[in-house]
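Architecture and fold: a report
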Amino acid sequence: MASSSSTAREPRTLSREPRAGSRAASPEPRPGTRVRRQLGTSPWLFAAPGLLVVGAFILYPFVSTVINSFTDRRTLIPGEFVGLANFRELLHDEMFWTGLRNSTLYVLGVVPALVLLPLLLALLVQKNIPGIAFFRSAFYTPVVASIVVVGLIWVWLLDERGLVNALLEAVGAGKVGFLSDQWLLLLSAMAVTVWKGLGYYMIIYLAALANVPRELHEAAAVDGAGAVRRFLTVTVPAVRSTMVLVGALSSVAAFKVFSEVYLMAGPDGGPAGEDTTLVMLVQRTGTGLSGRVGYASALSVVIFVVTVALMLLVLRADRKEDA
C-alpha cells in the first residue's frame, strides 16, 4: 500500500517542475497600457524636430549672448570674465546714447502710424466692389518685396539727383537733402518702414473687421451716428485687442530697426553717425576680425530688455483700459 501511494504522488510532484527550454510565465499587460504609453510619448516625438530647431537657433544663441556679455571676448579671442564692465562702459559710450535716442524716436514716429493707417486702409478695401482685389494686392506688394530692393528704390528716389528732387526743381523749389540731413534721413527711413508695413497690418485688421457684427453699425446708423462716430464708437472698440497686438509687434520691430536705416544712411549711420540705431551699433561693434563680441553682446542684452519692457507696457495699458 505504501509503494502504491508513493507512485501515485510522483506525477503530481513532477508536474510542478517547469519543462526544459520553456520561458517563465509573465503576467500579461492590462488592456490599454501600451496605448497609454504610446500616447504619452507621441507628442514629444512630433515636437522633437521643432524643439531641436528652437534649441539650436534660438535658445543656444540667446544663452551664449548673455554669457558673452560678461566677458571681453573678441572674434578670434575667447576672452575672460569681466563682470559688469561692458554694461558700465555702455553708460559712458556716446554712440550708445545716440543709438538709444534714434531707436526710441523710431518707435515714437512709426508705431502710431502703423496702428492707425492700416486700420483706415482696411476699412477702405473691406467692401466687395469691382476691382477691389487689385487694390488689396497692390497694397500688399511692398510686404513681399525684398527690403534691400525697397531700400535701394527709395534711395534712388530721394537722392540729390533722384526723381523727387528733380520734380522739386521742375516746379521751382530747391533741392532737399533727404539723405544728407540728420533728421530728414531718419524721417525718410520711418516713411519707408510705414510704407512697407501698411499691407501686412492691413491684413491683420481685415481679419478682425470680418468678426465685427454688422448689426452694430446698422444700429448706430439708425441712431443717427455718422461715419466718424461709428468708427470711434463701434469699429475701434471692436478691434481694440487687434490694435494692441499691432502696437506690440510694431514697437518691437521699430526698436530693432536695421535694414531701412542701414541702406539709406550707409554703414556709418549718416552724417557723423548721428542716425545710428542700436542694432546698427551691434553690427558695427561685433563684426570683423577685431570685433568686440562681448561688448556687442551687452548691447544685445540691453535691446532684449528694452523690447520686453515695451511689450509689457503695451499689455499693461491694455489691461488698464479693460479695468
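For the structure itself, consult the block above.
For the structure given in this document, a descriptive report is provided here. (Residues numbered from 1 in each chain as written. Predicted model: local features only at pLDDT ≥ 70, side-chain atom pairs only at ≥ 80, totals over all residues. Heavy atoms only, no water.)

This next bit is on helix α4 (residues 94–125). Helix length check: α4 (32 residues) gives 46 Å between terminal C-alpha atoms against 46 Å at 1.5 Å per residue, within 8%. Residue Leu-114 marks the point of greatest curvature in α4, where the axis turns by about 25 degrees; the proline Pro-118 follows within four residues. Of the residues flanking the start of α4, the one acting as N-cap is Asp-93, its side-chain oxygen 3.1 Å from the backbone nitrogen of Met-95. (Helix = DSSP H or I, 4+ residues; strand = E, 2+ residues; numbered from the N terminus. Expected span 1.5 Å × (residues − 1). Bend = angle between axes of the 7 residues up to and from the residue. Polar contact = N/O pair within 3.5 Å; in protein donor to acceptor, adjacent residues only side chain to side chain.)

Among the surface-exposed residues, Phe-62, Val-63, Ile-67, Phe-304, Val-305, Val-308, Leu-312 and Leu-315 lie close enough to one another that they form a single nonpolar patch of about 700 Å² accessible area. Counting only elements with at least two residues in the nonpolar patch, the list comes to α2 (33–68) and α14 (293–322). Mapping Ile-67 onto the fold places it in helix α2. (Patch = residues over 30% accessible without salt bridge, like charges linked within 9 Å, V, L, I, M, F, W, Y side chains within 5 Å. Areas by Shrake-Rupley, 256 points an atom, 1.4 Å probe, with all protein chains shown as cover. Salt bridge = Lys/Arg side-chain N within 4 Å of Asp/Glu carboxyl O.)

Our focus in this paragraph is helix α10 (residues 227–238). An ideal rise of 1.5 Å per residue puts 16 Å on twelve residues; α10 measures up with 15 Å between its terminal C-alpha atoms. Of all the positions in α10, only Phe-231, Val-234 and Thr-235 are classed as buried. What you see down the axis of α10 is that its buried residues fit within an arc of 120 degrees, all on one side. Relative to its buried face, α10 has exposed residues pointing more than 90 degrees away, namely Arg-229 and Leu-232. (Buried < 20%, exposed > 50% of the residue type's maximum accessible area, 1.4 Å probe, protein only. Arc of directions from axis to C-beta.)

Where helix α6 (residues 147–158) contacts helix α8 (residues 182–209), the axes come no closer than 11 Å and their chain directions differ by 135 degrees. Between α6 and α8, the angle is such that the two are oblique. Crossing of α6 over α8 shows right-handed handedness. Together, Ile-147, Val-150, Trp-154 and Leu-158 of α6 and Ser-188, Val-192, Trp-195 and Lys-196 of α8 make up the contact between the two elements. Taken together, the residues of the contact of α6 with α8 sort by class into six nonpolar, one polar and one charged. (Axes fitted to C-alpha atoms, helices over the stretch in contact; angles between N-to-C directions. Parallel < 35°, antiparallel > 145°, perpendicular 65-115°, else oblique. Left-handed = near helix turned anticlockwise from the far one by under 90°. Contact = heavy atoms within 4.5 Å. Nonpolar A, V, L, I, M, F, W, Y, C, P; charged D, E, K, R; others polar.)

Bringing the pattern of salt bridges into the picture now. All chains considered together, the criterion is met by three salt bridges. Across the salt bridge formed by Arg-292 and Glu-89, the nearest N and O atoms sit 2.9 Å from each other. Pair noted here: Arg-292 is in the loop between α13 (278–286) and α14 and Glu-89 is in helix α3 (residues 85–91), with a separation of 203 residues, a long-range link. Of the residues examined, Glu-89 reaches a relative accessible area of 32% and is grouped as partly exposed. A salt bridge links Lys-175 to Glu-169; its shortest N-O distance comes to 3.9 Å.

One pass over the structure, following the stated rule, counts seven aromatic pairs. Taken together, a centroid distance of 5.5 Å and an interplanar angle of 75 degrees make the contact between Phe-134 and Phe-135 edge-to-face. The exposure class of Phe-135 is partly exposed, given its relative accessible area of 42%. Between Phe-258 and Tyr-262, the ring centres sit 5.0 Å apart and the planes meet at 25 degrees, which makes this aromatic pair stacked. (Phe/Tyr/Trp six-rings, centres within 6.5 Å; stacked < 30°, edge-to-face > 60°.)

A positive phi angle, near 60 degrees, is found at Ala-272, a position not held by glycine. Mapped onto the elements, Ala-272 comes out in the loop between α12 (259–265) and α13.

Here we take up the nonpolar core. By size, the foremost hydrophobic cluster in this structure holds 55 residues, and its most contacted members are Leu-90 and Tyr-106. Of all the elements, α8 adds the most residues to this core, at 13 residues. (Core = buried A, V, L, I, M, F, W, Y, C linked by side-chain atoms within 4.5 Å.)

Along the polypeptide, Asn-102 turns up in helix α4. On the accessibility criterion, Asn-102 (0% relative accessible area) is buried. A distance of 2.8 Å separates a polar side-chain atom of Asn-102 from the backbone oxygen of Thr-276. With sequence-adjacent residues up to four places away left out, Asn-102 is seen in contact with Leu-186, Glu-274, Asp-275, Thr-276 and Thr-277.

With respect to the helices, strands and loops of the structure, Gln-126 is situated in the loop between α4 and α5 (132–144). Here the alpha-carbon distance between Gln-126 and Ala-210, two residues 84 residues apart in the chain, equals 8.5 Å.

With respect to the helices, strands and loops of the structure, Ile-303 is situated in helix α14. Given the relative accessible area of 8%, Ile-303 is considered buried. Placed 51 residues apart in sequence, Ile-303 and Val-252 show a C-alpha to C-alpha distance of 9.7 Å. Discounting chain neighbours no more than four positions away, the residues touching Ile-303 are Phe-255, Lys-256, Leu-278, Val-279 and Val-282.

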